[in-house]
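Spelled out, the chains give:
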Amino acid sequence: MDALASLLPEGLGATAGLVLVIASFFTSALTAVFGIGGGVAMLALLGLFIPVAALIPVHGLIQLGSNTGRAWHQRAHIVRGIAAPFIAGSVVGAVVGTFFVVQLPDAVLKLVLGLFVIAVTWTKIPGAAKIGRAGLVAGSALLALLSMFFGATGPLFAAAFSQIITDDRKALIATQAAGMTIQHALKVVAFSVAGFAFAQWLPFIVVMIASGYLGTLYGTRLLEKFPEESFRRWFRIGLTLLALDLVRRGLVV
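The following paragraphs examine the structure supplied in this document. Along each chain, residues carry numbers from 1 onward, in the same order as the chain's sequence is written. Only residues with pLDDT of at least 70 are given local features in this predicted model, and only at 80 or more are side-chain atom pairs given and counted; all residues enter the totals for whole chains, interfaces and linings. Neither water nor hydrogens contribute to the side-chain values; these are computed over all heavy atoms in the structure.

### So, the nonpolar core
Turning to step 1, where the next piece is worked out: Side-chain atoms within 4.5 Å are what join buried Ala, Val, Leu, Ile, Met, Phe, Trp, Tyr and Cys residues into a set we call a nonpolar core. For each residue, the accessible area found with a 1.4 Å probe, counting protein chains only, is set against the maximum for its type, and the residue is called buried under 20%, exposed over 50%, and partly exposed in between. The biggest cluster of nonpolar side chains holds 30 residues, and the ones touching the most others in it are Ile36, Phe161, Phe231, Phe235 and Leu239.
Turning to step 2, where the next piece is worked out: In DSSP terms, a helix is any run of H or I states spanning at least four residues, a strand is any run of E spanning at least two, and both are numbered starting from the N terminus. Elements represented by at least two residues in this core include exactly helix H2 (14-34), helix H6 (106-122), helix H7 (133-149), helix H8 (154-164), helix H9 (169-193) and helix H11 (228-251).
Turning to step 3, where the next piece is worked out: For this core, the element with the most residues is H11, which contributes six residues.
Turning to step 4, where the next piece is worked out: Residue contacts follow a heavy-atom distance rule, with two residues in contact if any of their heavy atoms lie within 4.5 Å. Once residues lying within four places of it in the same chain are set aside, the contact partners of leucine 239 are Ile36, Val117, Thr121, Pro155, Ala158 and Ala159.
Turning to step 5, where the next piece is worked out: By size, the runner-up hydrophobic cluster in this structure holds 23 residues, among which are Val21, Ala23, Leu61 and Phe198.

### A short note on the pattern of salt bridges
Turning to step 1, where the next piece is worked out: Should a side-chain nitrogen of Lys or Arg be within 4 Å of a carboxyl oxygen of Asp or Glu, the pair is scored as a salt bridge. If you walk through the whole model with that rule in mind, you get two salt bridges.
Turning to step 2, where the next piece is worked out: Where glutamate 224 meets lysine 170, a salt bridge forms, and the shortest distance between an N and an O atom there is 2.8 Å. In this pair, glutamate 224 is assigned in helix H10 (residues 202-224) and lysine 170 in helix H9, connecting sequence segments 54 residues apart.
Turning to step 3, where the next piece is worked out: Looking at glutamate 224, the relative accessible area reads 43%, which means it is partly exposed.
Turning to step 4, where the next piece is worked out: A relative accessible area of 19% means that lysine 170 is categorised as buried.
Turning to step 5, where the next piece is worked out: Put simply, aspartate 245 and arginine 248 hold a salt bridge, and the shortest N to O gap is 2.8 Å. Taken together, the residues aspartate 245 and arginine 248, both in helix H11 and three residues apart, mark about one turn of the helix.
Turning to step 6, where the next piece is worked out: Relative accessible area serves as the criterion here: at 45%, arginine 248 is assigned to the partly exposed category.

### Some points on the packing of aromatic side chains
Turning to step 1, where the next piece is worked out: A pair of aromatic rings is counted whenever rings of Phe, Tyr or Trp (Trp by its six-membered ring) have centres within 6.5 Å, and the orientation is called stacked for planes under 30 degrees apart, edge-to-face for over 60 and tilted otherwise. Following the criterion strictly, the structure yields three aromatic pairs and no others.
Turning to step 2, where the next piece is worked out: Judged by centre distance (5.1 Å) and plane angle (85 degrees), the rings of phenylalanine 25 and phenylalanine 26 are edge-to-face.
Turning to step 3, where the next piece is worked out: Among the residues examined, phenylalanine 25 registers a relative accessible area of 24% and is labelled partly exposed.
Turning to step 4, where the next piece is worked out: Residue phenylalanine 26 is classed as exposed on the basis of its relative accessible area of 55%.
Turning to step 5, where the next piece is worked out: If you follow arginine 75 out to its NZ or CZ, it ends over the ring of tryptophan 72, 3.8 Å from the centre. Working rule: Lys NZ or Arg CZ, within 6 Å of ring centre, within 35 degrees of ring normal, means a charge sits over the ring.

### Things to note about H10
Turning to step 1, where the next piece is worked out: Expected helix span is given by 1.5 Å per residue-to-residue step, counting one fewer step than there are residues. With 23 residues, H10 should reach 33 Å at 1.5 Å per residue; the first-to-last C-alpha distance of 33 Å fits that figure.
Turning to step 2, where the next piece is worked out: Those residues of H10 not exposed but buried are Phe204, Ile205, Met208, Ser211, Gly212, Gly215, Thr216, Gly219, Thr220 and Leu223.
Turning to step 3, where the next piece is worked out: The inward-facing, buried residues of H10 contact H2, helix H3 (38-49), helix H4 (52-73), H9 and H11.

Okay, structure coming up:
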């Protein structure tokens, strides 16, 4: 416990730090199996223990490590054809987000995101599986923009990617991890340019990322055993529950 305490930033106790490190394992395992849930859960837990001003940037760096580890471990299943337009759109969205994110009310954002995720999860967007490069650029720009001021955009990413990758759960989760790696990296760069001091958080974040990678290894083994039909059913149910919670938080102000 003392060793962990020495790695923590000022104001974060050893018990809270231990809880978060353990939670990083389980939230990463959850995301490795279903592609959703872990980022939202981690954001909620971090919100209990760290200052509001540090919440989104610290969560972003933790998720950058978590998604990088998952994308690397599952790299054989990444759909690489969407990489270039996705990166281009993400850069545009991140740049725009650095200027405008503070102007959007949090409650309105949660409500709109929740309703959008539900709609995309339970309907089929015509032609989504054959979306062109311009569509990918526009969609990834929007996702990057939203990512700047709403920390856990995993449900939105999952809903969007599930419209494009419809027949391979491993490709869906791996490609989503790669996409979120890009956008969390851009978010971290944007917060660094804006002046957030990541240095005091780095030792703690490194431990969180290491614990999360172990969770990814465990969750990937569980994914191998999941039938495609069962995965899709629980994937939709999980997305819907997360989206309904967003709607609830948007309405309760």
